[in-house]
Each structure stands twice: as C-alpha cells, then as structure tokens.
Amino acid sequence: MENNKKRNLAIIVPKLTGGGAERVASNLSLHLPEEYHRYIILYDTEKMDYSYKGELIDLNAKVIANPLGKIKNFIKRIYKVRKLKKELKIDTTISFMEGPNIVNIFTKQRDKVIISVRNFKSKSSEGFYGKLYKLLIQVFYNKADIIVVVSKAIKRDLIENFGLNEEKIIVIYNFYKNEKINELAREVLEDEYIEIFKNPVINTAGRLTRQKGHWHLIRAFKKVKEEVSDAKLVILGQGKLEAYLKKLTKDLGLEKDVHFLGYKKNPFKYIARSTVYTFPSLFEGFPNALCEAMACGVTVISSDCKSGPREILAPDTDIEQQAKEIEYVKYGILLPVCDGNYYDAGDPLTSEERLLQEAIVKVLSNENLKKKCKTKSREGIKRFHSDIIIEQWEKAVN
C-alpha cells in the first residue's frame, strides 16, 4: 500500500480558520515534502478558511464553553486520537495550541510527539483556564519528545518560569510564502473600500481581544487626526471587544474615520494599500500579522512586547531589551508596550499612547522615512521564507 511507503504524520489543530496557529498548521501541511503521508486532525470542520494537503479527519468535538462540556470533549478527543494513532500507524504527531498539545501528549504511543508553543506563557496564562493550562504545561510538557517554540524569548520563558527541559526545546520561526502573499495583495479592492484607501491609511489586523490592544491605537489615532486630518484607521478582525471598540470610536467622534472591516480571508490586499501597519499588542508569541505586513512591503510600527517583535524587527539586539522611547531599528519601529488598562474617550492619553501617536505622525509626514522603512520591511521578511523554515521542521520530524 502507498501508505506504507511513506512516513505517516498527523497534525492536530482545533480548526482551520481564524488565527495564526491554524494558518501555520495549514502551511505546514502544504509545504512538507511528499515523503510524508499527512493526516489533518481537527476538532471542527464546519468552517474552513485555510487550505491543506492530506487526509482530513473531523473529531466532531467542537469547542464548548461550559466546564462539563469541556471535560466530556477532552475525554472524547483523547479516546479518538489514541485510536487514530494506532489505526493509522502514525510515526509523528505535531500539535498546535494548548488543548491539542495536552491531547497529543496523553495519547503518545509509538509516535514521536512534537508540540508547538506559540505564545509567551508568563503573559498569556490569565483567568481560570489560563492558570489550569499553566499547571498542565509545568507537569506534562516535558513528556513530549520535542517542544517547538516560535521565538527565543518563549524558549527562555519556558525554561526559567515553567521548568521545561532546555534540551527538548527548539526555536523554529513561523514561515511565509512571500510570493503568494504578494499575489493576494494585488487582488482588486471591493468598490465600497476604494475611497478609504485614497487617504493615508493606518492599518492593523488581529482578533478584537485584550491581547491585541486595539483601544490604545484608537485613542492614539484621535491625536493623529489633529496633525494628519485626512488619515483613516482600518481594523481587520472580529472578537469579543468589538462593541467596546466601536463605542470608544463613537465617543471620540471618529466614526467616519475608523473602519471596522471584520475578518477578511485575504487581509493582504488591504494591508498592502495602507501607508503604515501598526501592531499595538500587549503580548504575543511570534506575530504572523506583523510579518505578513512586512511581506506586503508596508512600514511597520510595533509594540516591543514579549515576544516576537524585537526578534523580527531588531534581530541583532538583546531579546531582553525593551523599548522605552521610539526606537528606529533594522526593519521597522519599536515602541514601549501600552499598559493594557481599559480607558474611555475622556481619559488623557498615556505616555505610551502618545509615543504611538508620535511615531505614526512621523511616518505619515516623512516621505524618506516611509520609503526607507518599506524597503527594510521587504528585506527583513526574507529570513522567514518557507523554503528556509521547512528545512528546520524536517529536521525536527526526522
């Protein structure tokens, strides 16, 4: 049988829609060499935004909000994945995100278990489930064969704050098919958005959650408008903070200038037509959106959050260094991280929001700076081309 001529590899991820982990899982299935027979194991196949290569397996175990449902689903996933690993004679299993990582470890048989950690866990482990996953990481992650992390800062965090075995942790950055991004960036804009992009556009993309810090950008944008009156702000994404962000926008009198476009399957055609891409996140792992903006050749301004932005934009600096002022670095601009507190329209800008506003205005009003940063963006993203990173994944799998 053909299956026996190839190595059987399973990729576990909750779904193939939405976030960065899902996109990386999709890309990995598409770009691994043909010697691997791929099985893509999902919790839910109802909505599929990303393409894949391999046999798709639906566990029919959708994410459920209530605690009892979560426990039942967890048991169901473990039972089904253990059975699949045995029946399909899986040689290697790669998982993405905390839940699938735990399932992967608990179902280990003859397969090599590779788990992927994609966020700075000391910052992201909030709330009951965050604390639960933090405990599970400390107790079980060392049982994996390999722990792939997406930044050097995450590796250090897992060793120092979670007690994980340094010898098991390898850094593999996310990868990007720059040619494909550029192709998608050239797609025609919908008629309803053409007028917006005739102005200087500040763009940002990501789930509308606390982690992404969008309200800090909206508040800074109010001050940007005082100096660049025709500027527009375009926000791509959806999430639980949408109502708060829209109310803040209305209270600031910015309804005609801040455009919430929702989730877009192809964000690149909007990003590529923007003047500057801003990334005000409070914490990250290795931000796909920031790299994809660079691939689009857009000037990027990012918070110097843990982790990712400094390794992406200023690779020659110490990963422990953090910006205290506007920092013009090798491939873009880094800023101090905003405090993450929620504010209303009447609250004065924080010092970090003022620096964000200042950096945006400098780029919008300085043509030489803008051109220089655009060139540097395209240079910086070359280090993460898929051909380079896939080789590193092959070594991990083998």
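Residues numbered from 1 in each chain as written. Predicted model: local features only at pLDDT ≥ 70, side-chain atom pairs only at ≥ 80, totals over all residues. Heavy atoms only, no water.

1. Regarding the pattern of salt bridges
By the definition in use, this model includes 25 salt bridges. With a shortest N-O distance of 3.0 Å, Glu320 and Arg156 are connected by a salt bridge. Taken together, the residues Glu320 in the loop between helix H14 (309–313) and strand S13 (327–329) and Arg156 in helix H7 (residues 152–162) connect sequence positions 164 residues apart. Several salt bridges converge on common partners, so that one network encompasses Glu34, Arg38 and Lys53. (Salt bridge = Lys/Arg side-chain N within 4 Å of Asp/Glu carboxyl O. Helix = DSSP H or I, 4+ residues; strand = E, 2+ residues; numbered from the N terminus.)

2. Some details on the state of the cysteines
Summed over the entire model, instances satisfying the criterion amount to zero disulfides. Take Cys338: it sits in no disulfide, and the sulfur closest to it among the cysteines is that of Cys305, at 11 Å. (Disulfide = S-S within 2.5 Å.)

3. As for the nonpolar core
If you look at the biggest cluster of nonpolar residues, it comprises 83 residues, and the most contacted ones within it are Phe96, Ile147, Leu158 and Trp393. Counting 36 residues, the second-largest nonpolar core is a separate cluster that includes Ile218, Leu254, Ile301 and Ile333. (Core = buried A, V, L, I, M, F, W, Y, C linked by side-chain atoms within 4.5 Å. Buried < 20%, exposed > 50% of the residue type's maximum accessible area, 1.4 Å probe, protein only.)

4. Some thoughts on helix H17 (residues 386–397)
Helical periodicity: at 3.6 residues per turn, an α-helix aligns residues three or four positions apart in one direction. An ideal rise of 1.5 Å per residue puts 16 Å on 12 residues; H17 measures up with 16 Å between its terminal C-alpha atoms. Among the residues of H17, Ser386, Ile389, Ile390, Trp393, Ala396 and Val397 are the ones counted as buried. Take H17 and look down its axis: the buried residues cluster within an arc of 110°, on one side only. Within H17, the exposed residues directed more than 90 degrees away from the buried face are Asp387, Glu391 and Lys395. (Expected span 1.5 Å × (residues − 1). Arc of directions from axis to C-beta.)

5. A few points about the sheet that holds strand S9 (residues 232–236)
Ordered in space as S10-S9-S8-S11-S12-S14-S13, the seven strands form an open sheet in which the pairing is mixed. Two strands in the sheet have a free side with no partner beyond their single neighbour: strand S10 (258–262) and S13. Adjacent strand axes in the sheet meet at a mean angle of 25° when their direction is disregarded. The sheet contacts of helix H10 (residues 214–227) involve strand S8 (201–205), S9, S10 and strand S11 (276–279), and relative to S9 the element is tilted by about 170°. On top of the sheet, helix H16 (residues 367–381) reaches strand S12 (299–303), S13 and strand S14 (332–335); it is set at about 80° to S12, its chief contact. (Pairing = 2+ DSSP bridges. Axes fitted to C-alpha atoms, helices over the stretch in contact; angles between N-to-C directions. Contact = heavy atoms within 4.5 Å.)

6. Looking at helix H4 (residues 98–106)
Of all the nine residues making up H4, seven are buried; the element is thus mostly covered by neighbouring parts of the structure. Among all positions of H4, only Gly99, Pro100, Asn101, Ile102, Val103, Asn104 and Ile105 are buried.

7. Some points on the packing of helix H13 (residues 288–295) against H16
With their axes 7 Å apart at the nearest point, H13 and H16 run at an angle of 115° to one another. Of the two elements, H13 crosses H16, and the hand of that crossing is left-handed. Counting all contacts with H13, which are made through Cys291, Met294 and Ala295, the residues of H16 involved are Ser377, Arg378, Gly380 and Ile381. Split by residue class, the contact of H13 with H16 holds four nonpolar, two polar and one charged. (Left-handed = near helix turned anticlockwise from the far one by under 90°. Nonpolar A, V, L, I, M, F, W, Y, C, P; charged D, E, K, R; others polar.)

8. Concerning the packing of aromatic side chains
The description of two aromatic rings rests on the distance between their centres and on the angle between their planes. Across all of its chains, the model carries 11 aromatic pairs by this definition. Taking 5.9 Å as the distance between ring centres and 65° as the angle between the ring planes, the aromatic pair formed by Phe74 and Phe106 counts as edge-to-face. With Phe74 in helix H3 (residues 67–87) and Phe106 in helix H4, the pair connects residues that are 32 residues apart, well separated along the chain. The exposure class assigned to Phe106 is partly exposed, which follows from its relative accessible area of 27%. When the ring of Tyr193 is compared with that of Tyr270, the centres are 5.8 Å apart and the planes differ by 80°; the resulting orientation is edge-to-face. Taken together, the residues Tyr193 in helix H9 (residues 191–194) and Tyr270 in helix H12 (residues 268–271) connect sequence positions 77 residues apart. Given the relative accessible area of 1%, Tyr270 is considered buried. Three or more aromatic residues joined by ring pairs form one cluster here, namely Phe74, Phe106 and Phe140. (Phe/Tyr/Trp six-rings, centres within 6.5 Å; stacked < 30°, edge-to-face > 60°.)

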